[in-house]
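Breakdown of the fold
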Amino acid sequence: MSTSSTARQGLELVDRDESGVDRAFRADVLKGLSQKQKAIPARWLYDDAGSQLFEDITKLPEYYPTRSETEILQDHGEEFAAAIAPGCAVVEFGSGSSVKTPLLLSAIAPAAYVPLDISGDFLRASAKQLSAKFPGLPVHPVEADFMRKVSLPDQVTDLPKLGFFPGSTIGNMVARTSVDLLRTMRDTLGDKAQLLIGMDLIKDAAVLTAAYDDAAGVTGEFNLNLARRINRELDATIPVDQLRHVALWNDDFARIEMHCEALDDIEFTVAGQQFAMAKGDTIHTENSHKFDRRSGNTLLLAGGWTPMQRWTDSQGRFSLILAEASIVRSAP
Ligand code: AVJ
(Lines give C-alpha, C1' and ligand atoms only; values in the text may rest on other atoms or scores of the structure.)
Protein backbone atom coordinates (compact mmCIF):
# COMPACT_ATOMS: atom_id res chain seq x y z
CA MET A 1 0.00 0.00 0.00
CA SER A 2 2.62 2.58 1.03
CA THR A 3 5.21 3.71 -1.48
CA SER A 4 8.62 5.10 -0.63
CA SER A 5 7.35 8.67 -0.99
CA THR A 6 4.27 8.10 1.15
CA ALA A 7 4.79 9.35 4.69
CA ARG A 8 2.45 8.28 7.46
CA GLN A 9 1.20 11.28 9.39
CA GLY A 10 -0.63 9.95 12.39
CA LEU A 11 -2.51 7.19 10.63
CA GLU A 12 -3.24 9.20 7.50
CA LEU A 13 -1.76 8.34 4.12
CA VAL A 14 -0.63 11.76 2.97
CA ASP A 15 2.28 12.59 0.71
CA ARG A 16 3.88 15.75 2.15
CA ASP A 17 6.89 17.78 1.00
CA GLU A 18 9.81 18.94 3.25
CA SER A 19 7.70 21.79 4.68
CA GLY A 20 4.69 19.59 5.39
CA VAL A 21 2.55 20.66 2.41
CA ASP A 22 0.15 18.01 1.07
CA ARG A 23 1.46 17.60 -2.48
CA ALA A 24 -1.80 16.34 -3.96
CA PHE A 25 -3.72 19.27 -2.42
CA ARG A 26 -1.27 21.82 -3.83
CA ALA A 27 -1.27 20.20 -7.28
CA ASP A 28 -5.09 20.10 -7.43
CA VAL A 29 -5.43 23.72 -6.28
CA LEU A 30 -2.78 25.11 -8.66
CA LYS A 31 -4.21 23.19 -11.60
CA GLY A 32 -7.80 24.06 -10.70
CA LEU A 33 -7.12 27.78 -10.31
CA SER A 34 -5.28 27.88 -13.66
CA GLN A 35 -8.37 26.81 -15.62
CA LYS A 36 -10.71 29.22 -17.34
CA GLN A 37 -13.55 28.00 -15.12
CA LYS A 38 -11.72 27.63 -11.83
CA ALA A 39 -12.58 24.37 -10.11
CA ILE A 40 -11.18 22.49 -7.12
CA PRO A 41 -12.11 18.85 -6.35
CA ALA A 42 -14.72 18.66 -3.57
CA ARG A 43 -12.72 16.18 -1.51
CA TRP A 44 -10.55 19.09 -0.28
CA LEU A 45 -13.56 20.62 1.49
CA TYR A 46 -13.19 17.99 4.21
CA ASP A 47 -10.32 18.99 6.47
CA ASP A 48 -11.09 18.90 10.21
CA ALA A 49 -12.91 22.25 10.08
CA GLY A 50 -14.81 21.25 6.93
CA SER A 51 -15.82 17.87 8.35
CA GLN A 52 -17.13 19.59 11.49
CA LEU A 53 -19.07 22.10 9.36
CA PHE A 54 -20.58 19.24 7.34
CA GLU A 55 -21.70 17.64 10.62
CA ASP A 56 -23.40 20.96 11.45
CA ILE A 57 -25.01 21.02 7.97
CA THR A 58 -26.67 17.64 8.58
CA LYS A 59 -28.61 19.22 11.48
CA LEU A 60 -29.88 22.25 9.55
CA PRO A 61 -33.65 22.53 8.97
CA GLU A 62 -33.09 23.01 5.21
CA TYR A 63 -30.69 20.08 4.78
CA TYR A 64 -33.12 17.16 4.44
CA PRO A 65 -30.89 14.35 2.98
CA THR A 66 -29.51 13.02 6.27
CA ARG A 67 -32.91 13.00 7.97
CA SER A 68 -34.67 11.49 4.96
CA GLU A 69 -32.15 8.68 4.58
CA THR A 70 -32.21 8.00 8.33
CA GLU A 71 -36.00 7.75 8.17
CA ILE A 72 -35.74 5.11 5.43
CA LEU A 73 -33.23 3.09 7.45
CA GLN A 74 -35.48 3.35 10.52
CA ASP A 75 -38.70 2.38 8.80
CA HIS A 76 -37.69 -0.59 6.63
CA GLY A 77 -35.41 -2.72 8.79
CA GLU A 78 -37.44 -5.90 8.29
CA GLU A 79 -37.37 -5.52 4.52
CA PHE A 80 -33.59 -5.02 4.55
CA ALA A 81 -33.23 -8.13 6.71
CA ALA A 82 -35.34 -10.13 4.25
CA ALA A 83 -33.51 -8.92 1.13
CA ILE A 84 -29.91 -8.93 2.31
CA ALA A 85 -27.87 -12.15 2.56
CA PRO A 86 -27.91 -13.46 6.15
CA GLY A 87 -24.53 -13.58 7.90
CA CYS A 88 -22.96 -11.10 5.50
CA ALA A 89 -20.05 -8.74 6.04
CA VAL A 90 -21.13 -5.11 5.73
CA VAL A 91 -18.40 -3.18 3.91
CA GLU A 92 -18.98 0.53 4.34
CA PHE A 93 -17.37 2.94 1.87
CA GLY A 94 -16.40 5.75 4.23
CA SER A 95 -16.05 5.63 7.99
CA GLY A 96 -19.73 5.47 8.77
CA SER A 97 -22.05 7.80 10.61
CA SER A 98 -22.92 7.29 14.24
CA VAL A 99 -26.63 7.30 13.35
CA LYS A 100 -27.10 5.54 9.98
CA THR A 101 -24.65 2.66 10.34
CA PRO A 102 -26.08 1.36 13.66
CA LEU A 103 -29.58 1.41 12.14
CA LEU A 104 -28.47 -0.87 9.30
CA LEU A 105 -26.42 -3.15 11.55
CA SER A 106 -29.31 -3.54 14.03
CA ALA A 107 -31.71 -4.34 11.21
CA ILE A 108 -29.68 -7.05 9.47
CA ALA A 109 -27.41 -8.40 12.27
CA PRO A 110 -24.39 -9.04 10.00
CA ALA A 111 -21.46 -11.36 10.79
CA ALA A 112 -18.85 -8.62 10.45
CA TYR A 113 -18.45 -4.90 9.78
CA VAL A 114 -15.63 -3.54 7.59
CA PRO A 115 -15.41 0.26 7.39
CA LEU A 116 -13.08 1.57 4.66
CA ASP A 117 -11.64 5.07 4.90
CA ILE A 118 -8.61 6.96 3.72
CA SER A 119 -8.41 8.79 7.05
CA GLY A 120 -7.07 6.52 9.78
CA ASP A 121 -8.23 8.94 12.47
CA PHE A 122 -11.89 8.92 11.41
CA LEU A 123 -11.69 5.19 10.87
CA ARG A 124 -10.41 4.44 14.36
CA ALA A 125 -12.88 6.79 16.01
CA SER A 126 -15.93 5.34 14.26
CA ALA A 127 -14.76 1.72 14.60
CA LYS A 128 -14.41 2.29 18.34
CA GLN A 129 -17.92 3.81 18.59
CA LEU A 130 -19.38 0.93 16.63
CA SER A 131 -17.66 -1.75 18.70
CA ALA A 132 -19.03 -0.14 21.85
CA LYS A 133 -22.58 -0.29 20.49
CA PHE A 134 -22.26 -3.83 19.06
CA PRO A 135 -20.02 -5.71 21.50
CA GLY A 136 -20.38 -9.10 19.76
CA LEU A 137 -19.74 -7.81 16.24
CA PRO A 138 -16.29 -8.34 14.68
CA VAL A 139 -15.14 -4.96 13.29
CA HIS A 140 -12.26 -4.92 10.80
CA PRO A 141 -11.39 -1.34 9.80
CA VAL A 142 -9.29 -0.95 6.64
CA GLU A 143 -7.35 2.24 5.96
CA ALA A 144 -7.57 2.58 2.21
CA ASP A 145 -8.59 4.73 -0.73
CA PHE A 146 -11.79 3.01 -1.88
CA MET A 147 -11.57 4.67 -5.29
CA ARG A 148 -9.15 1.78 -5.94
CA LYS A 149 -9.71 -1.91 -5.43
CA VAL A 150 -9.31 -2.79 -1.75
CA SER A 151 -8.31 -6.27 -0.57
CA LEU A 152 -10.65 -7.13 2.25
CA PRO A 153 -9.48 -8.74 5.52
CA ASP A 154 -9.06 -12.55 5.45
CA GLN A 155 -11.71 -12.89 8.17
CA VAL A 156 -14.48 -11.92 5.76
CA THR A 157 -13.27 -13.77 2.65
CA ASP A 158 -15.86 -16.53 2.92
CA LEU A 159 -18.81 -14.30 3.92
CA PRO A 160 -21.36 -12.80 1.54
CA LYS A 161 -20.65 -9.08 1.10
CA LEU A 162 -22.96 -6.09 1.35
CA GLY A 163 -21.46 -2.79 0.25
CA PHE A 164 -22.99 0.22 2.04
CA PHE A 165 -22.58 3.66 0.46
CA PRO A 166 -25.08 6.06 2.06
CA GLY A 167 -25.32 9.85 1.98
CA SER A 168 -25.65 10.22 -1.80
CA THR A 169 -21.88 10.62 -1.81
CA ILE A 170 -22.02 9.02 -5.28
CA GLY A 171 -23.66 12.31 -6.34
CA ASN A 172 -20.44 14.23 -5.69
CA MET A 173 -18.85 12.57 -8.71
CA VAL A 174 -19.41 13.24 -12.38
CA ALA A 175 -20.84 10.26 -14.30
CA ARG A 176 -17.53 8.91 -15.51
CA THR A 177 -16.01 8.89 -12.03
CA SER A 178 -19.08 7.42 -10.38
CA VAL A 179 -19.19 4.59 -12.95
CA ASP A 180 -15.49 3.92 -12.30
CA LEU A 181 -16.18 3.80 -8.56
CA LEU A 182 -19.15 1.45 -8.91
CA ARG A 183 -17.04 -0.91 -11.00
CA THR A 184 -14.19 -0.70 -8.49
CA MET A 185 -16.65 -1.49 -5.68
CA ARG A 186 -17.69 -4.58 -7.62
CA ASP A 187 -14.01 -5.62 -7.89
CA THR A 188 -13.56 -5.03 -4.16
CA LEU A 189 -16.72 -6.88 -3.09
CA GLY A 190 -16.84 -9.70 -5.62
CA ASP A 191 -19.35 -10.66 -8.29
CA LYS A 192 -21.88 -12.15 -5.86
CA ALA A 193 -22.08 -9.05 -3.68
CA GLN A 194 -24.97 -6.74 -2.89
CA LEU A 195 -24.81 -2.95 -2.62
CA LEU A 196 -27.07 -0.63 -0.60
CA ILE A 197 -26.57 2.87 -1.97
CA GLY A 198 -28.17 6.23 -1.14
CA MET A 199 -29.19 8.57 -3.94
CA ASP A 200 -30.76 11.97 -3.39
CA LEU A 201 -33.72 12.66 -5.66
CA ILE A 202 -34.48 15.42 -8.16
CA LYS A 203 -37.08 17.74 -6.66
CA ASP A 204 -38.29 21.33 -6.62
CA ALA A 205 -35.27 23.56 -7.32
CA ALA A 206 -36.14 25.89 -4.44
CA VAL A 207 -36.01 23.01 -1.95
CA LEU A 208 -32.66 21.93 -3.40
CA THR A 209 -31.05 25.36 -3.41
CA ALA A 210 -32.25 26.05 0.15
CA ALA A 211 -30.60 22.80 1.29
CA TYR A 212 -27.29 24.11 -0.09
CA ASP A 213 -27.73 27.76 0.89
CA ASP A 214 -29.17 27.70 4.39
CA ALA A 215 -30.41 30.78 6.21
CA ALA A 216 -27.87 30.39 9.03
CA GLY A 217 -25.00 30.47 6.51
CA VAL A 218 -23.39 27.21 7.63
CA THR A 219 -23.07 25.86 4.08
CA GLY A 220 -21.48 29.18 3.09
CA GLU A 221 -18.92 28.74 5.85
CA PHE A 222 -18.32 25.16 4.69
CA ASN A 223 -17.71 26.35 1.14
CA LEU A 224 -15.51 29.35 2.06
CA ASN A 225 -13.51 27.15 4.43
CA LEU A 226 -11.83 25.73 1.34
CA ALA A 227 -10.36 29.16 0.52
CA ARG A 228 -9.35 29.54 4.18
CA ARG A 229 -7.72 26.11 4.05
CA ILE A 230 -5.78 27.11 0.93
CA ASN A 231 -4.57 30.24 2.76
CA ARG A 232 -3.62 28.18 5.84
CA GLU A 233 -1.88 25.30 4.13
CA LEU A 234 -0.55 26.65 0.84
CA ASP A 235 0.84 30.02 1.93
CA ALA A 236 -1.88 31.81 -0.04
CA THR A 237 -3.48 35.28 0.06
CA ILE A 238 -7.04 34.67 -1.13
CA PRO A 239 -9.20 37.57 0.16
CA VAL A 240 -11.94 35.35 1.59
CA ASP A 241 -14.12 38.35 2.57
CA GLN A 242 -14.24 39.22 -1.16
CA LEU A 243 -15.81 35.84 -1.98
CA ARG A 244 -19.42 34.81 -1.59
CA HIS A 245 -21.01 31.36 -1.40
CA VAL A 246 -23.28 30.47 -4.33
CA ALA A 247 -25.43 27.33 -4.69
CA LEU A 248 -27.14 26.91 -8.06
CA TRP A 249 -29.25 24.23 -9.72
CA ASN A 250 -27.79 23.04 -13.04
CA ASP A 251 -30.83 21.51 -14.71
CA ASP A 252 -28.95 20.03 -17.71
CA PHE A 253 -26.78 17.91 -15.43
CA ALA A 254 -29.35 17.55 -12.61
CA ARG A 255 -26.98 18.79 -9.99
CA ILE A 256 -26.48 21.43 -7.33
CA GLU A 257 -23.23 23.29 -7.87
CA MET A 258 -21.38 25.17 -5.16
CA HIS A 259 -19.19 28.06 -6.21
CA CYS A 260 -17.19 30.82 -4.53
CA GLU A 261 -17.96 34.02 -6.45
CA ALA A 262 -15.67 37.07 -6.49
CA LEU A 263 -17.49 40.19 -5.23
CA ASP A 264 -14.89 42.41 -6.93
CA ASP A 265 -11.83 42.12 -9.18
CA ILE A 266 -9.25 40.35 -7.03
CA GLU A 267 -5.67 39.11 -7.23
CA PHE A 268 -3.92 36.68 -4.96
CA THR A 269 -1.03 34.24 -4.78
CA VAL A 270 -0.99 30.54 -3.94
CA ALA A 271 2.33 28.79 -3.30
CA GLY A 272 4.13 31.59 -5.13
CA GLN A 273 1.83 31.62 -8.16
CA GLN A 274 -0.25 34.64 -9.14
CA PHE A 275 -4.00 34.38 -9.85
CA ALA A 276 -6.73 36.85 -10.72
CA MET A 277 -10.52 36.79 -10.74
CA ALA A 278 -12.79 39.39 -12.27
CA LYS A 279 -15.90 40.44 -10.35
CA GLY A 280 -18.48 37.67 -10.87
CA ASP A 281 -15.93 34.94 -11.70
CA THR A 282 -16.31 31.80 -9.63
CA ILE A 283 -14.35 28.87 -8.26
CA HIS A 284 -16.47 25.73 -8.68
CA THR A 285 -16.06 23.73 -5.47
CA GLU A 286 -18.66 20.93 -5.47
CA ASN A 287 -21.27 19.06 -7.49
CA SER A 288 -24.11 17.22 -5.84
CA HIS A 289 -25.94 15.23 -8.49
CA LYS A 290 -29.59 14.31 -7.98
CA PHE A 291 -31.34 11.31 -9.51
CA ASP A 292 -34.73 9.95 -10.44
CA ARG A 293 -35.65 6.26 -10.55
CA ARG A 294 -34.46 5.80 -14.10
CA SER A 295 -31.24 7.82 -13.96
CA GLY A 296 -30.30 6.05 -10.72
CA ASN A 297 -30.94 2.66 -12.29
CA THR A 298 -29.00 3.58 -15.42
CA LEU A 299 -26.00 4.71 -13.38
CA LEU A 300 -25.99 1.47 -11.39
CA LEU A 301 -26.29 -0.68 -14.52
CA ALA A 302 -23.45 1.24 -16.18
CA GLY A 303 -21.35 0.49 -13.08
CA GLY A 304 -22.08 -3.25 -13.23
CA TRP A 305 -24.89 -3.44 -10.64
CA THR A 306 -28.45 -4.62 -11.14
CA PRO A 307 -30.99 -2.64 -9.09
CA MET A 308 -33.31 -5.05 -7.21
CA GLN A 309 -35.26 -3.02 -4.64
CA ARG A 310 -35.78 0.63 -3.87
CA TRP A 311 -37.04 2.59 -0.87
CA THR A 312 -37.90 6.28 -0.48
CA ASP A 313 -38.79 8.38 2.57
CA SER A 314 -42.37 9.48 3.29
CA GLN A 315 -41.82 12.82 1.50
CA GLY A 316 -40.24 11.20 -1.58
CA ARG A 317 -37.03 13.16 -1.20
CA PHE A 318 -34.33 10.50 -0.97
CA SER A 319 -33.84 6.92 -2.15
CA LEU A 320 -31.97 3.85 -0.97
CA ILE A 321 -31.38 1.22 -3.63
CA LEU A 322 -30.36 -2.40 -3.13
CA ALA A 323 -28.44 -3.74 -6.12
CA GLU A 324 -26.71 -7.01 -6.98
CA ALA A 325 -23.40 -7.55 -8.72
CA SER A 326 -24.74 -10.48 -10.69
CA ILE A 327 -25.99 -9.03 -13.94
CA VAL A 328 -29.59 -9.87 -14.73
CA ARG A 329 -29.61 -10.00 -18.51
CA SER A 330 -32.97 -8.98 -19.86
CA ALA A 331 -31.81 -8.81 -23.46
CA PRO A 332 -29.46 -10.93 -25.59
C1 AVJ B 1 -21.57 14.80 1.87
C2 AVJ B 1 -21.71 14.80 -0.47
C3 AVJ B 1 -23.54 14.07 0.79
O4 AVJ B 1 -23.63 16.72 -1.48
O5 AVJ B 1 -25.21 16.82 0.00
C6 AVJ B 1 -23.64 19.28 1.86
C7 AVJ B 1 -22.02 17.53 0.86
N8 AVJ B 1 -22.22 19.98 0.43
N9 AVJ B 1 -23.83 20.60 1.68
C10 AVJ B 1 -24.04 16.68 -0.31
C11 AVJ B 1 -22.63 18.88 1.05
C12 AVJ B 1 -22.96 21.01 0.84
C13 AVJ B 1 -23.03 16.43 0.82
N14 AVJ B 1 -22.45 15.06 0.73
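Residues numbered from 1 in each chain as written. Predicted model: local features only at pLDDT ≥ 70, side-chain atom pairs only at ≥ 80, totals over all residues. Heavy atoms only, no water.

Turning our attention to the sheet that holds strand 10 (residues 255-262). Read from one edge of the open sheet, four strands run 3-13-10-9, paired in mixed fashion. Sheet topology places strand 3 (38-39) and strand 9 (243-250) at the edges, where each strand pairs with a single neighbour. Sheet topology places strand 9 next to strand 10; eight bridges connect them, and they run antiparallel. Looking at strand 10, one finds that Ala 247 is bridged to Met 258. Packing of helix 9 (residues 218-233) onto the sheet brings it into contact with strand 9, strand 10 and strand 13 (282-289), and relative to strand 9 it is tilted by some 115°. (Pairing = 2+ DSSP bridges. Helix = DSSP H or I, 4+ residues; strand = E, 2+ residues; numbered from the N terminus. Contact = heavy atoms within 4.5 Å. Axes fitted to C-alpha atoms, helices over the stretch in contact; angles between N-to-C directions.)

For the rest of this paragraph, the subject is the environment of Phe 146. One can find Phe 146 in the loop between strand 6 (142-143) and strand 7 (161-165). According to the relative accessible area criterion, Phe 146 is buried, its value standing at 16%. Each C-alpha atom of the pair Phe 146 and Ile 108 lies 23 Å from the other, and the pair is 38 residues apart in sequence. Not counting the four nearest positions on each side in its chain, Phe 146 is found in contact with Phe 93, Gly 94, Leu 116, Phe 165, Leu 181 and Thr 184. (Buried < 20%, exposed > 50% of the residue type's maximum accessible area, 1.4 Å probe, protein only.)

With mixed pairing, seven strands are arranged side by side in an open sheet as 6-5-4-7-8-15-14. The sheet is open, and its two edges are formed by strand 6 and strand 14 (306-312), each paired on a single side. Sheet topology places strand 7 next to strand 8 (residues 194-200); four bridges connect them, and they run parallel. Note that in strand 8 the partner of Phe 165 across the bridge is Ile 197. Along the sheet, helix 3 (residues 65-75) makes contact with strand 7, strand 8, strand 14 and strand 15 (318-324), crossing strand 15 at roughly 55°.

In the region of the ligand, the neighbouring residues are Tyr 46, Phe 54, Ile 57, Tyr 63, Gly 167, Asn 172, Tyr 212, Thr 219, Phe 222, Met 258, Glu 286 and Ser 288. At a separation of 3.4 Å, an oxygen atom of the ligand approaches a polar side-chain atom of Asn 172. Contact between the ligand and Tyr 212: an oxygen atom at 2.5 Å from a side-chain N or O atom of the residue. When the free accessible area of the ligand is taken as 350 Å², the share hidden by the protein chains comes to 95%. Going through the elements one at a time, helix 2 (48-57), helix 9 and strand 13 are the ones with two or more residues in the shell around the ligand. The residue makeup of the shell around the ligand, split by class, is seven nonpolar, four polar and one charged. (Near = heavy atom within 4 Å. Polar contact = N/O pair within 3.5 Å; in protein donor to acceptor, adjacent residues only side chain to side chain. Areas by Shrake-Rupley, 256 points an atom, 1.4 Å probe, with all protein chains shown as cover. Nonpolar A, V, L, I, M, F, W, Y, C, P; charged D, E, K, R; others polar.)

Take Lys 100: it is sitting in helix 5 (residues 100-108). Discounting chain neighbours no more than four positions away, the residues touching Lys 100 are Thr 66, Glu 69, Thr 70, Leu 73, Pro 166 and Gly 167.

Moving on: unusual backbone geometry. Even without being a glycine, Ser 168 presents a positive backbone phi close to 60°. Examined against the element boundaries, Ser 168 turns out to sit in the loop between strand 7 and helix 7 (175-189).

With that settled, consider a negative patch on the surface. Judged by side-chain charge, Asp 264, Asp 265, Glu 267 and Asp 281 come together as a negatively charged surface patch. Looking at the element boundaries, Asp 265 is found in the loop between strand 10 and strand 11 (266-270). Judged by its relative accessible area of 55%, Asp 265 is exposed. (Patch = residues over 30% accessible without salt bridge, like charges linked within 9 Å, V, L, I, M, F, W, Y side chains within 5 Å. Salt bridge = Lys/Arg side-chain N within 4 Å of Asp/Glu carboxyl O. Lys, Arg positive; Asp, Glu negative; His and termini not counted. Charge placed at Lys NZ, Arg CZ, Asp CG, Glu CD.)

Under the defined criterion, the tally for this structure stands at 11 aromatic pairs. Ring centres of Tyr 46 and Phe 54 lie 6.2 Å apart, and the angle between their planes is 75°; on these two criteria the pair is classed as edge-to-face. Their ring planes at 85° and their centres at 5.6 Å tell us that Phe 93 and Phe 146 sit as a pair that is edge-to-face. Residue Phe 93 is found in strand 4 (residues 89-93), and its partner Phe 146 is found in the loop between strand 6 and strand 7; the two are separated by 53 residues along the sequence. Accessibility classification places Phe 93 together with Phe 146 in one group, the buried group. Of the aromatic side chains, those joined through ring pairs into one cluster are Tyr 46, Phe 54, Tyr 63, Tyr 212 and Phe 222. Positioned above the aromatic ring of Trp 44 is the side chain of Arg 43, whose terminal nitrogen or guanidinium carbon lies 4.0 Å from the ring centre. Taking the ring centre of Phe 25 as reference, the NZ or CZ of Arg 229 above it sits at 4.4 Å. (Phe/Tyr/Trp six-rings, centres within 6.5 Å; stacked < 30°, edge-to-face > 60°. Lys NZ or Arg CZ within 6 Å of the ring centre and 35° of its normal.)

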